[in-house]
Amino acid sequence: MTTHRGMFLRSSRDIEWVKRRGRRLSTNWFNLLACRRDDPATQVGIIVGRRFGVAVRRNQAKRIFRELVRHCHDDLLPGHLVLVFPKRDALIQPYAELKRIWEASLLRCHLLRPRSD
């Protein structure tokens, strides 16, 4: 497994910038905000607020979405900032279904290279 330094968006300044300028896509299991930037590296932030539920559930959601990001990070188009806001129902979905919706959403937002299977 390759490590990706800087794969995840952690700067509160950048997170607020995406919240103000990003294009939104909503699904039943998460909301996605994305915008372009000059830096060639694409970074993804996972935002799970206290309204989501207890810490165990919030951490579980973050782990699931970090794995989704790691799985497709090499296929993300460069030059974007992405925020994902998991919804509670994401925790009860099978991982394969979440992965399918995640990849379809990234394609729809023009953030993912199309796969040539």
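Residues numbered from 1 in each chain as written. Predicted model: local features only at pLDDT ≥ 70, side-chain atom pairs only at ≥ 80, totals over all residues. Heavy atoms only, no water.

### Details of the pattern of salt bridges
Summed over the entire model, instances satisfying the criterion amount to three salt bridges. A salt bridge links R70 to E67; the shortest N-O distance between them is 3.9 Å. With R70 and E67 both in helix α2 (residues 55-72) and three residues apart, the pair spans about one turn of that helix. Since its relative accessible area comes to 39%, E67 is described here as partly exposed. A salt bridge links R100 to E97; the nearest nitrogen and oxygen atoms lie 2.8 Å apart. Of this pair, R100 and E97 both sit in helix α3 (residues 95-108), three residues apart, roughly one helical turn. A relative accessible area of 24% places E97 in the partly exposed class. (Salt bridge = Lys/Arg side-chain N within 4 Å of Asp/Glu carboxyl O. Helix = DSSP H or I, 4+ residues; strand = E, 2+ residues; numbered from the N terminus. Buried < 20%, exposed > 50% of the residue type's maximum accessible area, 1.4 Å probe, protein only.)

### Re the nonpolar core
Formed by 29 residues in total, the largest nonpolar core has its most connected members in F30, L32, F65, V84, W102 and L106. The set of elements that each furnish at least two residues to this core consists of β2 (30-36), β3 (43-46), α2, β4 (80-86) and α3. Among the elements that take part in this core, α2 stands out by supplying six residues, more than any other. (Core = buried A, V, L, I, M, F, W, Y, C linked by side-chain atoms within 4.5 Å.)

### What about the environment of I46?
Within the element layout of this structure, I46 appears in strand β3. On the accessibility criterion, I46 (16% relative accessible area) is buried. A sequence separation of 36 residues divides I46 from V82, and the C-alpha atoms of the two residues are 8.6 Å apart. Not counting residues within four places of it along the chain, the set of residues in contact with I46 comprises F8, K62, F65, R66, V84 and P86. (Contact = heavy atoms within 4.5 Å.)

### Some details on the packing of aromatic side chains
By the definition in use, this model includes three aromatic pairs. Ring geometry for F30 versus F65: centroids 5.7 Å apart, planes at 75°, classification edge-to-face. In this pair, F30 is assigned in strand β2 and F65 in helix α2, connecting sequence segments 35 residues apart. Residue class for F30 comes out buried when judged on its relative accessible area of 0%. Among the residues examined, F65 registers a relative accessible area of 1% and is labelled buried. When the ring of F30 is compared with that of W102, the centres are 5.5 Å apart and the planes differ by 65°; the resulting orientation is edge-to-face. With F30 in strand β2 and W102 in helix α3, this pair connects stretches of sequence that are 72 residues apart. Summarising the burial analysis for this pair, F30 and W102 share the class buried. Counting every residue linked through ring pairs, the aromatic cluster contains F30, F65 and W102. (Phe/Tyr/Trp six-rings, centres within 6.5 Å; stacked < 30°, edge-to-face > 60°.)

### Regarding the packing of α2 against α3
The contact between α2 and α3 brings their axes to 11 Å, and the two run at 55°. Between α2 and α3, the crossing angle belongs to the class labelled oblique. Both α2 and α3 take part in a crossing whose hand is right-handed. In this structure, α2 contributes I64, F65, E67, L68, V69, H71 and C72 to the contact, and α3 contributes Y95, L98, K99, W102, E103 and L106. In the contact of α2 with α3, the residues fall into nine nonpolar, one polar and three charged. (Axes fitted to C-alpha atoms, helices over the stretch in contact; angles between N-to-C directions. Parallel < 35°, antiparallel > 145°, perpendicular 65-115°, else oblique. Left-handed = near helix turned anticlockwise from the far one by under 90°. Nonpolar A, V, L, I, M, F, W, Y, C, P; charged D, E, K, R; others polar.)

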